[in-house]
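Chain by chain, the residues run as shown.
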Amino acid sequence: MTIEEKQKIACFLDLAWDTLHSGYKGKQKEYDFTEKETAASSHFIQQCDSLEQIYKEIGACKNCQLSLKRKNTVPGEGVNNPLVMVIGEAPGADEDVQGRPFVGKAGQLLDKMLGSINLTRQTNCYIANIVKCRPPQNRDPHPEERSACIHFLHRQILLHKPKFILLVGSIAAQSLLNTKMPISKIRGKISEYKIGDLIIPLISTFHPAYLLHNEDQKRPVWEDLKLLRSRIEEFLNEKNE
Ligand code: URA
């Protein structure tokens, strides 16, 4: 049987990429996977995925140069199946040392922002970043670093199934929404984030680190937080009806 024939059968049977891959080691270059196979493969991966597996992979990841200088990976923390998943940019120095997201000055402000609308990482939020390792001197993560890492976040979203997503800062908003628009234009409204079978209401706002130096921007952030809270209230009321 030729490779093309096997490929067609695999496609017809919805075989996953991993099944093909292990069956044809050393010949992967000969495959030109169709969209259907790719979809089957991501379905397969999702079926077998777990938070433990993601944490394990993040801990061992060497897919980009950020892995070379990190002290710790920062996968994320909070409750499972949260009401809100908060997504920032990248770990900073404090986060790198502790292996926990948003624990420095910006993190303390983030906790206050969340607290103002009855959200905490201990009770109803999960906090993660676009990239899981600290960029040197806290520079913005490069596009290739973001794309090497983004599958971890996608998988975290798929498994956690948050009811809402809050993106803080331009890197988080631009990366997840796949746009180049400035955060000042993205913020202020609720949109829908679609991933797998999920449609999740999402809002973006300024990063707490930016607020530390731009106090006058606390007002628009408060407007964004109030908008998020009002949508959360609607959701909770509907659930209790
Ligand atoms: N800034 C971020 O975007 N994420 C962190 O975890 C800390 C600071």
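Above this note sits the structure.
Along every chain, residues carry numbers that run from 1 in the direction the sequence is written. Reporting of local features is limited, given that this is a predicted model, to residues whose pLDDT is at least 70; pairs of side-chain atoms are given and counted only at 80 or more, and all residues count toward the totals for whole chains, interfaces and linings. Here the side-chain values reflect all heavy atoms present in the structure, with hydrogen atoms and water set aside.

Moving on: the site of the ligand. The near set for a molecule or strand comprises every residue that places at least one heavy atom within 4 Å of it. The environment of the ligand is formed by G88, E89, A90, E95, P101, F102, N129 and H207. Taking A90, its main chain carries an N or O atom lying 3.0 Å from a nitrogen atom of the ligand. Here the Shrake-Rupley method, with its probe set to 1.4 Å, supplies the accessible areas, and only the displayed protein chains count as covering residues. Expressed as a share of its isolated accessible area of 240 Å², the protein-covered part of the ligand is 92%. With a 1 Å grid laid over protein atoms only, a set of points is called a cavity when a 1.4 Å probe fits there but cannot get out and a pocket when it is open yet has protein on both sides within 12 Å along at least five of seven lines; lining residues have an atom within 4 Å of a point. Should more than half of a molecule's atoms lie within 2 Å of a pocket's or cavity's grid points, that molecule is taken to sit in it. In a pocket analysis with a 2 Å cut-off to the grid points, the ligand is assigned to the largest pocket. Per-class residue counts for the shell around the ligand are three nonpolar, three polar and two charged. Think of a polar contact as two N or O atoms within 3.5 Å of one another; within protein, one of them needs to be a possible hydrogen donor and the other a possible acceptor, and neighboring residues in sequence only count if both atoms come from side chains. When residue character is reported, Ala, Val, Leu, Ile, Met, Phe, Trp, Tyr, Cys and Pro are called nonpolar, Asp, Glu, Lys and Arg charged, and the others, Gly included, polar.

Here the largest pocket is characterised by a volume of approximately 500 Å³. Forming the boundary of the largest pocket are 24 residues, of which A90, A106, N138, H207 and A209 lie nearest the centre. Going along the chain from the N terminus, every DSSP run of H or I of four or more residues is numbered as a helix, and every run of E of two or more is numbered as a strand. When contributions to the lining of the largest pocket are tallied by element, the ones reaching two or more residues are α6 (93–98), α7 (105–115) and α11 (208–213). Partitioned by chemical class, the residues of the lining of the largest pocket number eleven nonpolar, eight polar and five charged. Grid points are joined across faces, edges and corners, and a volume is the space filled by probe spheres set on the points.

On to the packing of aromatic side chains. Two rings from Phe, Tyr or Trp (for Trp, the six-membered ring) form a pair when their centres sit within 6.5 Å of each other. Planes less than 30 degrees apart are called stacked, planes more than 60 degrees apart edge-to-face, and all others tilted. Throughout the structure, instances matching the rule amount to two aromatic pairs. Seen from their ring centres, F164 and F235 are 5.8 Å apart, and the 90° between their planes marks the pair as edge-to-face. Of this pair, F164 sits in strand β4 (residues 164–168) while F235 sits in helix α12 (residues 218–240), placing them 71 residues apart in sequence. Here's how the labels work: a residue is buried when its accessible area is under 20% of the maximum for its type, exposed when over 50%, partly exposed in between, all with a 1.4 Å probe on protein chains only. Taking relative accessible area as the criterion, F164 reaches 3% and is therefore assigned buried. Relative to Y210, the ring of F206 has its centre 5.2 Å away and its plane inclined at 35°; by these criteria the two rings are tilted. For F206, a relative accessible area of 7% gives the class buried. For Y210, a relative accessible area of 36% puts it in the partly exposed group.

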